[in-house]
Amino acid sequence: MTSPSTDEDEGEGSAQEIETRKQSVSAAQHGQRLDRILVEMVPEFSRSYLQKLIADGAVRVNGEVAGKAAARIPAAQVIEAELRPTPDTLAFRAEPVPLDIVYEDAHLLVINKPAGLVVHPAAGNWSGTLLNGLLAYDSKAAQLPRAGIVHRLDKDTSGLMLVGRTLEACTALVRMIAAREVRREYLALAHGSWPAAYHDSERVIEAPIGRDPKSRLKMAVVSQGKPARTDVTLLEGNSQVSLVQCRLHTGRTHQIRVHMAFIGHALVGDLLYGGQLSYNMTRQALHACRLSLQHPVSGQGLYFEQECPKDISLAVRIAGLGYNL
């Protein structure tokens, strides 16, 4: 396939972006599935990509649009495939996404991610992501895995994120995060009164997390999940809500949200895990507020703190808490 379109030619499937492959079915391929023949015909692409082309009407057999990937094709039939870019092949391109950069040097960035910004392109969000913005901000980011992104925040979680700017830094940061050498702290507003037994101490939640067997969109505490630990400390609470500080020791998908729901304190605004849209919150009340580590190259101690965004601060006040954010 040719390279993705330029900024001036953004139309998916424009003539200059499409390569056509054409081939007759050999005697050895007689009666094979269409998608299997395509894999041999276009070996540089995955079968799932080729099946998507079939579903999109980009494959013809003897001039007729192919109907099914499982169709058995006789010998001597002519297969023609238009190798169209799919959303994921167009996702890794530079786009002017505003970045709130808290710290920058030659090796890393610390970014304050706003709620609503997707970190990495995926189904439903193939553009306008943090990754797209990083590619636009620094041309060298294209040479790095995931443009230097070494950990993620959920779309509707705000706060501090680390981004590597060199392969050396990325490798070191990934190792440091895995070794729990990067301290990550969050503020969260949760439903329910905090148990008195934990008012003056950390509550350690150690519960394995994996895919929810009842919903592919959710994670859950499951016996066969990956080990996960979150330390939670009450900052202030009342009979309705609890403002807590969470420290991650591991980085499982949706970890804080899952762990808080697991102990009966779903986050305010987190509809996926049982929270309610209360106190004017329209997203989960979760903010990555502090980040500390040793610089991956120089070894210098780094500490960053980011105040809560207005929606969480307002929710805390509406909930009747006086904690100064």
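What counts and how
Residues numbered from 1 in each chain as written. Predicted model: local features only at pLDDT ≥ 70, side-chain atom pairs only at ≥ 80, totals over all residues. Heavy atoms only, no water. Helix = DSSP H or I, 4+ residues; strand = E, 2+ residues; numbered from the N terminus. Buried < 20%, exposed > 50% of the residue type's maximum accessible area, 1.4 Å probe, protein only. Areas by Shrake-Rupley, 256 points an atom, 1.4 Å probe, with all protein chains shown as cover. Lys, Arg positive; Asp, Glu negative; His and termini not counted. Charge placed at Lys NZ, Arg CZ, Asp CG, Glu CD. Core = buried A, V, L, I, M, F, W, Y, C linked by side-chain atoms within 4.5 Å. 1 Å grid on protein atoms, 1.4 Å probe; cavity = no way out; pocket = protein on both sides within 12 Å on 5 of 7 lines; lining within 4 Å. Points joined across faces, edges and corners; volume = space filled by probe spheres on them. Nonpolar A, V, L, I, M, F, W, Y, C, P; charged D, E, K, R; others polar. Domains from an automatic or database assignment. Contact = heavy atoms within 4.5 Å. Salt bridge = Lys/Arg side-chain N within 4 Å of Asp/Glu carboxyl O. Axes fitted to C-alpha atoms, helices over the stretch in contact; angles between N-to-C directions. Parallel < 35°, antiparallel > 145°, perpendicular 65-115°, else oblique. Left-handed = near helix turned anticlockwise from the far one by under 90°. Expected span 1.5 Å × (residues − 1). UniProt positions renumbered as here; feature names shortened; annotations may be inferred. Phe/Tyr/Trp six-rings, centres within 6.5 Å; stacked < 30°, edge-to-face > 60°. Lys NZ or Arg CZ within 6 Å of the ring centre and 35° of its normal. Pairing = 2+ DSSP bridges.

(A) Representation of the overall build of the chain in the model. Each helix and strand in the chain was counted, giving six helices and 17 strands. Considering only C-alpha atoms, the chain reaches an extent of 80 × 45 × 35 Å along its principal axes. Residues classed as buried in the chain amount to 45% of the 325 residues present. As displayed, the chain offers around 16,000 Å² of accessible surface, 49% of which is attributable to carbon and sulfur atoms. Side-chain charges of the chain comprise 35 positive and 35 negative groups, with the mean position of each set lying 7 Å from the other.

(B) Here's a closer look at the nonpolar core. In this structure, L130, L134, Y186, V244, C246 and M260 are the most contacted members of the largest nonpolar core, which totals 31 residues. Listing elements by their share of this core, those giving two or more residues are β8 (108-113), α3 (130-137), β9 (158-164), β10 (183-191), β14 (229-237), β15 (241-248), α5 (255-262) and β16 (286-294).

(C) Summary view of the layout of surface pockets. Roughly 1,500 Å³ of internal volume is contained in the largest pocket. Considering the residues around the largest pocket, the lining is formed by 40 residues, among which R152, L153, D154, T253 and H254 are closest to the centre. Residue assignment for the lining of the largest pocket shows that the elements contributing at least two residues are α4 (167-178), β10 and α5. Here the lining of the largest pocket is composed, by residue class, of 17 nonpolar, 11 polar and 12 charged.

(D) Just the domain arrangement of the chain, in detail. Domain parsing of the chain yields domain 1 (19-84), domain 2 (87-179) and domain 3 (182-324). Put simply, the middle of domain 1 and the middle of domain 3, counted by C-alpha atoms, are 49 Å apart.

(E) The arrangement of the side chain of R257 in detail. In this fold, R257 is placed in helix α5. Apart from the residues within four sequence positions on either side, R257 is in contact with D154, L267, D270, L272, Y273, Q284 and L286.

(F) The arrangement of the pattern of salt bridges in detail. According to the stated counting rule, one finds 13 salt bridges in the structure shown. Salt-bridge contacts for R290 lead to E305; the nearest nitrogen and oxygen are separated by 3.4 Å. You can see R290 sitting in strand β16 and its partner E305 sitting in strand β17 (residues 301-305), a full 15 residues away along the chain. One network of salt bridges, in which partners are shared, links R183, E185, R290 and E305.

(G) View of the packing of helix α1 (residues 34-41) against helix α2 (residues 47-55). Orientation of α1 relative to α2, taken along the N-to-C sense of each, is 120 degrees, at an axis distance of 9 Å. Considering their axes alone, α1 and α2 lie oblique with respect to each other. Considering the relative orientation of α1 and α2, their crossing is right-handed. Counting all contacts with α1, which are made through L34, D35, R36, L38 and V39, the residues of α2 involved are R47, L50, Q51 and I54. Class assignment for the residues of the contact of α1 with α2 results in five nonpolar, one polar and three charged.

(H) Region of the structure containing α4. With 12 residues, α4 should reach 16 Å at 1.5 Å per residue; the first-to-last C-alpha distance of 17 Å fits that figure. Within α4, burial applies to A169, C170, A172, L173, M176 and I177. Summarising the contacts, the buried residues of α4 are in contact with β9, β10 and β16.

(I) Structural view of the UniProt feature "active site" (unreviewed entry) in the chain. Feature annotation in UniProt places "active site" (unreviewed entry) on D154, given in this structure's numbering. Tracing the sequence through the fold places D154 in the loop between α3 and β9. In this structure, D154 is in contact with K113, H254, R257 and Q284, ignoring residues within four places of it in sequence.

(J) Looking closely at the packing of aromatic side chains. Scanning the entire structure with this criterion turns up one aromatic pair. Plain terms: the ring middles of Y103 and F304 are 5.3 Å apart, the flat faces sit at 55 degrees to each other, and that makes the pair tilted. Highlighted residues: Y103 in strand β7 (residues 101-104) and F304 in strand β17, separated in sequence by 201 residues. Residue F304 is classed as buried on the basis of its relative accessible area of 8%. One Lys or Arg, R203, reaches over the ring of W194 and ends 5.7 Å from the middle of that ring.

(K) Up close: the pairing of β16. Counting buried residues along β16, seven of its nine residues qualify, which places the element largely inside the surrounding structure. With two bridges joining them, β9 and β16 adopt parallel strand pairing. Paired with G159 across the bridge in β16 is A288. As judged from the six bridges shared by β10 and β16, these two strands associate in the antiparallel manner. Within β16, the residue paired with L187 across the bridge is H287. Pairing analysis gives five bridges linking β16 to β17, with the strands arranged antiparallel.

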